[in-house]
Amino acid sequence: MTAIDDSTARDADALRAGMVRALRDQDSITSEPVAAAFAAVPRHRFAPGAPLELAYDLHCTVPVKKDEHGLDISVMSAAHLQGVMLEQADIKPGMKVLEIGSGGYNAALIQELVGDHGMVTTADIDHDVIDRARRCLDDAGYRQVKTVLADGESGVPDSAPYDRIIVTAAAWDIPASWINGLTKNGRLVVPLTVHGTTRSIAFDREGDGLLSRSYRLARFVPMQGEGAAREERKVLLRDGVAVQTDDARVNLLPEALNHALGMPRLVRWSGAAYDLPDELELYLTLNLPTVARLHASTDVVESGLVEASALLGVPALVSEDSIAYRTRREDRDTDGFESGVVAHGPQAEALADQYVELLRRWAQNHRRRGAAEIRYLPGPAPSPLLEDAVPKRHGVVTVTWH
Ligand SMILES: C[S@@+](CC[C@H](N)C(=O)[O-])C[C@H]1O[C@@H](n2cnc3c(N)ncnc32)[C@H](O)[C@@H]1O
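Residues numbered from 1 in each chain as written. Predicted model: local features only at pLDDT ≥ 70, side-chain atom pairs only at ≥ 80, totals over all residues. Heavy atoms only, no water.

- An unreviewed UniProt entry annotates the chain as Protein-L-isoaspartate O-methyltransferase originating from Streptomyces roseirectus.
- What the UniProt record of the chain gives under Sequence similarities (unreviewed entry) is the line "Belongs to the methyltransferase superfamily. L-isoaspartyl/D-aspartyl protein methyltransferase family."
- Per its UniProt entry, the chain bears the Subcellular location (unreviewed entry) comment "Cytoplasm". (UniProt positions renumbered as here; feature names shortened; annotations may be inferred.)

## Things to note about the overall build of the chain
- Tallying secondary structure elements over the chain gives eleven helices and 19 strands in all.
- Relative to a compact globule of 402 residues, whose C-alpha radius of gyration would be 21 Å, the chain shows 22 Å and is just as compact.
- For the chain, the spread of C-alpha atoms along the three principal axes comes to 70 × 50 × 45 Å.
- Across the 402 residues of the chain, 51% fall into the buried class.
- Put simply, of all contacts in the chain between residues at least 6 apart along the chain, 59% involve residues at least 24 apart.
- Accessible surface, the chain: about 18100 Å² in total, of which carbon and sulfur atoms supply 50%.
- Counting 43 positive and 58 negative side-chain charges, the chain places the centres of these two groups 3 Å from one another. (Helix = DSSP H or I, 4+ residues; strand = E, 2+ residues; numbered from the N terminus. Rg over C-alpha atoms; globule rule 2.2 N^0.38 Å. Buried < 20%, exposed > 50% of the residue type's maximum accessible area, 1.4 Å probe, protein only. Contact = heavy atoms within 4.5 Å. Areas by Shrake-Rupley, 256 points an atom, 1.4 Å probe, with all protein chains shown as cover. Lys, Arg positive; Asp, Glu negative; His and termini not counted. Charge placed at Lys NZ, Arg CZ, Asp CG, Glu CD.)

## A look at the packing of aromatic side chains
- Overall, the coordinates contain three aromatic pairs when judged by the stated rule.
- Look at tyrosine 283 and tryptophan 401: their rings are 4.9 Å apart centre to centre, the planes differ by 80 degrees, and that puts the pair in the edge-to-face class. With tyrosine 283 in helix H9 (residues 277-287) and tryptophan 401 in strand E19 (residues 395-401), this residue pair connects regions lying 118 residues apart in the sequence. The same class applies to tyrosine 283 as to tryptophan 401, namely buried.
- Each residue in the set Phe38, Phe46 and Tyr105 is aromatic and connected to the rest through ring pairs, giving one cluster.
- Taking NZ or CZ as reference, arginine 328 lies 3.9 Å from the ring centre of phenylalanine 337, over its face. (Phe/Tyr/Trp six-rings, centres within 6.5 Å; stacked < 30°, edge-to-face > 60°. Lys NZ or Arg CZ within 6 Å of the ring centre and 35° of its normal.)

## Some thoughts on the site of the ligand
- Around the ligand, the structure places 26 residues, and the nearest of them are Ser74, Glu99, Asp124, Gly152 and Gln224.
- At a separation of 3.1 Å, an oxygen atom of the ligand approaches a polar side-chain atom of glutamine 82.
- At 2.8 Å from a nitrogen atom of the ligand is found a main-chain nitrogen or oxygen belonging to glycine 152.
- Protein chains bury 99% of the 600 Å² of accessible surface belonging to the ligand in isolation.
- Mapped by element, the contributors of at least two residues to the shell around the ligand are strand E2 (72-76), strand E3 (96-100) and helix H5 (105-114).
- Here the residues of the shell around the ligand are counted per class, giving eleven nonpolar, eleven polar and four charged. (Near = heavy atom within 4 Å. Polar contact = N/O pair within 3.5 Å; in protein donor to acceptor, adjacent residues only side chain to side chain. Nonpolar A, V, L, I, M, F, W, Y, C, P; charged D, E, K, R; others polar.)

## Observations concerning the pairing of strand E4 (residues 119-124)
- Burial analysis of E4 places five of its six residues in the buried class, the great majority of the element.
- Bridge analysis of E3 against E4 gives five bridges, and the strand direction is parallel. Bridged to isoleucine 100 within E4 is alanine 123.
- Note that the unit made of E3, H5 and E4 has a crossover that is right-handed.
- Relative to strand E5 (residues 146-149), E4 runs parallel, the two being bridged by four bridges. (Pairing = 2+ DSSP bridges. Right-handed = clockwise from strand over helix to strand, strands pointing away.)

## A few points about the environment of glycine 83
- By the secondary structure assignment, glycine 83 is in helix H4 (residues 79-89).
- Separated by 48 residues in the primary sequence, glycine 83 and alanine 35 place their C-alpha atoms 8.4 Å from one another.

## Comments concerning the sheet that holds E3
- Spatially, ten strands are ordered E5-E4-E3-E6-E7-E8-E9-E17-E19-E18 in an open sheet, and the strand pairing comes out mixed. Looking at the sheet topology across the chains shown, the edges are occupied by E5 and strand E18 (389-391). Adjacent strand axes in the sheet meet at a mean angle of 20 degrees when their direction is disregarded.
- Across seven bridges, the pairing between strand E17 (residues 372-378) and E19 is antiparallel. (Axes fitted to C-alpha atoms, helices over the stretch in contact; angles between N-to-C directions.)

## With respect to the pattern of salt bridges
- All told, the structure shown has 25 salt bridges when counted by the stated rule.
- Arginine 249 is the salt-bridge partner of aspartate 247, the closest N and O atoms lying 2.7 Å from each other.
- With a relative accessible area of 3%, aspartate 247 lands in the buried category.
- A salt bridge links arginine 361 to glutamate 357; the nearest nitrogen and oxygen atoms lie 3.9 Å apart. You can see arginine 361 and its partner glutamate 357 sitting in helix H11 (residues 348-366), four residues apart, about one turn around the helix.
- Of the residues examined, arginine 361 reaches a relative accessible area of 35% and is grouped as partly exposed.
- Under the relative-accessibility criterion, glutamate 357 is labelled partly exposed at 39%.
- Ionic contacts of the salt-bridge type, sharing partners, join the residues Lys65, Asp126 and Asp128 into one network. (Salt bridge = Lys/Arg side-chain N within 4 Å of Asp/Glu carboxyl O.)

Laid out in structure tokens, this is it:
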């Protein structure tokens, strides 16, 4: 080893120890085995060419491959999210685990968790990515991890059934191969996108379907191949303002909605607390009768046309010619925030009333972490569709609110 290699290894060890401490402090890591795995695997060896500080940053992804538009199609996931998902997965020594969406690092962490008597298979649809993962795994000493070039939509049946399947690309749906590829008590951890919002959900098998044990906010590159989201529609209303939906009930008319945006705004305050934004977002997304996501650029927000809530996308209630979405303001009485609605268009009053009602219902009845119990039921959607049910290609997502 040269002097430079030596000092790099020392820097990496120090950065890794700091990363593990910080992940524990922020509760991304809550168990000893996951902490030990993160301490053991040299993360920087899976990010060759990247600065050490980037490789060991808690919240940054490390780019691996981009598409022709310069958008990431493969990254090394952020360490905090990997910690959260491995805690959700609750992997024990000796288990057989499949990872769909590869890079090598997460597979190495899983190998640490299953130990010498366990088995890890990691699959990627992209040959560049899987070749790179193979090289990194070998280089870091994880030769026993099996790498497979495959579209994960069909699972990897050769080694099934798995005790755990962990998906690391945003999935629009859950194919039967994932459910059937699990052991009877198996667990699937998947970043599932429902009406444009994604949560990493830990699902246990329940009969033919799945029942959630936990869900956490997650952001991932999209699934490619057979399982890619084909149902998403996105329209630009004007420069810097877009509306996106996969809700079949929504008739997206960009000209009418842009005209609505040009009309004076109606603002309604709910009198209800605004906090736990990711919980509220999930509730709104699943309960608005016709749901889309409104996105606005910084310029548009600074111009005052659209509220800052739309910077990362906000659940919107849309009719053909009107739109309503959530906002917030400081509440001096509580030192917190109050939720409210901004609505535009001829139906602004009606949409604002419906939206405010949901904000109040959430604050009164469901304002807590983990209020949603999410089920996935494979097979054709029942007709008429139950309230709180979201039809997918291979089944239905249903949610019960506690
Ligand atoms: C966020 S990256 C995976 C990160 C990785 N797990 C790690 O260790 O950091 C997502 C990966 O999913 C892959 N992917 C997308 N669609 C896929 C599919 N249908 N089947 C298998 N892999 C897929 C992409 O090629 C990409 O490499």
